[in-house]
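For reference, the chains in residue letters:
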Amino acid sequence: MFLDTVPGTLVEPISGRRWESSRVMQEVRDRVVYFASQGITSGNRIFILHGNRLEFFADLLAVWCLGACAIPINTRLTPFELQVLAETARPSHALCPEEFDSSLLEFLQKEGISPLCADRVGGNSQSMNLTSQFSLDQAALILFTSGTTGNPKGVVHTHRSLRARWITLRQSLGQKPYQRTLCLLPTHFGHGLICNCLFPWLSGQDLFILPSFSPNIVLQLGSILDKWKITFMSSVPSIWRLALTMVSPPKQGTLERVFCGSAPLSAHMWEGILNWTKAPEVCNAYGITETGSWVAGSTMPDAQPEDGLVGVPWGAVIKVLKEKSTATPPGFIEECAAGESGYIWLNTPALMQGYFEREDLTNKVVSQGWFMTGDIGAMDERGWLYLRGREREEINKGGMKVYPGDIDAVIERFEDTVDVCCFGYEGDPLYGQNVGVAVVLKVGQVERLSDLYLWAETHLAKFQLPVQWFFLKDIPRTSRGKINRAQVAQVCAKLNPLGPADLQKNKGRS
């Protein structure tokens, strides 16, 4: 489980709480005994309905010790979305904090899921003879990357694939810069959990955990870096859009390395991060949940900020090929010439086991151990990778992935919806990309606009809720009757959108 003898110290900078390695191990032991007494056993799937706190990491390790599979859940999901995931993953138990919503507890019990709270567990495991029950090829982690309102897609990582990611990072990046690592990313997705947190912490380095992206926390970033003598942090561009304009930089100069990932990093922002942090090394990190997140980055000694620059692989082989179909073995697909754009394929020992119970989806992206990323890029004559664009339809809202189909599925359920198309638009001052939606309603139902917005607000998580709304007579489609989201976005860009303030109850009516 560990890459070192024991994990490092855990610290919450905001609350000041601190668990040394010995306390961490005791908390894990206590939880193993308690969870086992409550029926958690090898092969179970376990929801973890909290994150970015000390207890999350103890819960995670205890679940793994028992041979069960952890499923960290975004705590901002609505009950509707949680139900979809529960019906798909069929967890036996859910680990909840003490203050967990009572209505959600009732929902879990109704679904046959046993809620457990380990926040006050402790004391009786010291004399217990504990044995670890996990094997390398068991499912260790399921991270849902889409489909919280429709057809969920859960990325399954085994202990073997996770360990492969951490070992290759350790070999490629070393350990020294990560002695005091800060995480302010959510612990329910790959960048924050697998790489920013577990890679350094399970290697024996100290981990400092902040609540996931919050403007109030970001406004304290400079002082937090100084107070806790942080040597490494990783984040996403949306955090830096706020920090570079509103936050005083650190003064102590303790940062040794800074990563930015999960969304395209422009040369302009890259230079801004360099100037703000004064860190010797600021790198663009490229990662995909299916490959255990970080798989490449700009750690070359002579790298300079440049739009689209990813850099070199970390424990992987990267190829840019002329085709994306997995029907043809990658070895028989022509490789692009230096500077020529094509489809990015990855070969890594950290590749996922597959999508949970979706062999059809797995087969569309995996062929003979190679993973087709869906990204468009080019490799130069030095072997440096550049991203040219994203083939997938996902909206990258400051590093948080928003999937248009999820939003379509909710708005379609509103009784007066005739047609809907969600899309991403550029230029948001905070997130870079944000969520827009075009909707067609039944004739004579203009007065229902505010009711539709309330419906969406109730059934979608806040980060998914469209910011720009366009009400059309019809939504353009291709000759085959399919929606082209880019085309819809172009049509809407010529119109004046309605925003949340326009659509509140008793507003936006005409």
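Everything here concerns the structure above.
Enquirer: Which residues make up the side chain of Arg53, and what values go with them?
Expert: Structurally, Arg53 is set in the loop between β3 (45-48) and α2 (54-65). A polar contact of 3.2 Å, which involves the side chain of Arg53, links it to the side chain of His50.

Enquirer: Which residues make up the sheet that holds strand β24 (residues 417-428), and what values go with them?
Expert: Reading across the sheet, the three strands line up as β24-β25-β26 and stay open at both edges, with mixed pairing between neighbours. Across the chains shown, the open sheet's two edge strands, defined by having one partner strand only, are β24 and β26 (468-471). Along the sheet, successive strands turn relative to each other by an average axial angle of 25°, direction set aside. By the bridge criterion, 10 bridges tie β24 to strand β25 (residues 432-441) in an arrangement that is antiparallel. Directly across from Thr417, in β25, lies its bridge partner Leu441. Docked against the sheet, helix α12 (residues 404-411) engages β24, β25 and β26, running at close to 145° with respect to β24.

Enquirer: So what about helix α3 (residues 79-89)? Which residues, and what values?
Expert: Within the span of α3, buried status applies to Phe80, Glu81, Leu82, Val84, Leu85, Ala86 and Ala89. Where α3 is buried, its residues touch β3, β4 (69-72), α4 (102-110), β7 (139-146), α12 and α13 (449-459). Positive backbone phi, at 50°, marks Arg90, one or two positions downstream of α3.

Enquirer: Tell me what's going on with α13, and back it up with residues and numbers.
Expert: Working note: α-helix, 3.6 residues per turn, so residues spaced by three or four point in the same direction. Residues of α13 that are buried include every one of Leu449, Ser450, Asp451, Leu452, Tyr453, Ala456 and His459, and no others. Its buried side turned inward, α13 meets α3, α12, β24, β25, β26 and α15 (500-503).

Enquirer: Account for the pattern of salt bridges, naming residues and giving values.
Expert: The final tally for this structure, using the stated rule, is 18 salt bridges. Of the charged contacts in the structure, one is a salt bridge between Arg53 and Glu55, with a shortest N-O distance of 3.7 Å. The salt bridge involving Arg90 is made with Glu357; its shortest N-O contact spans 2.6 Å. Of the two residues, Arg90 is situated in the loop between α3 and β5 (93-95) and Glu357 in the loop between β18 (354-355) and α11 (359-365); the sequence distance between them amounts to 267 residues. Among the residues examined, Arg90 registers a relative accessible area of 43% and is labelled partly exposed. Among the charged side chains, a salt-bridge network with shared partners connects Glu12, Arg17, Arg53 and Glu55.

The rules behind each value
Residues numbered from 1 in each chain as written. Predicted model: local features only at pLDDT ≥ 70, side-chain atom pairs only at ≥ 80, totals over all residues. Heavy atoms only, no water. Helix = DSSP H or I, 4+ residues; strand = E, 2+ residues; numbered from the N terminus. Polar contact = N/O pair within 3.5 Å; in protein donor to acceptor, adjacent residues only side chain to side chain. Pairing = 2+ DSSP bridges. Axes fitted to C-alpha atoms, helices over the stretch in contact; angles between N-to-C directions. Contact = heavy atoms within 4.5 Å. Buried < 20%, exposed > 50% of the residue type's maximum accessible area, 1.4 Å probe, protein only. Salt bridge = Lys/Arg side-chain N within 4 Å of Asp/Glu carboxyl O.

Everything listed is a geometric property; what it means functionally is a separate question.
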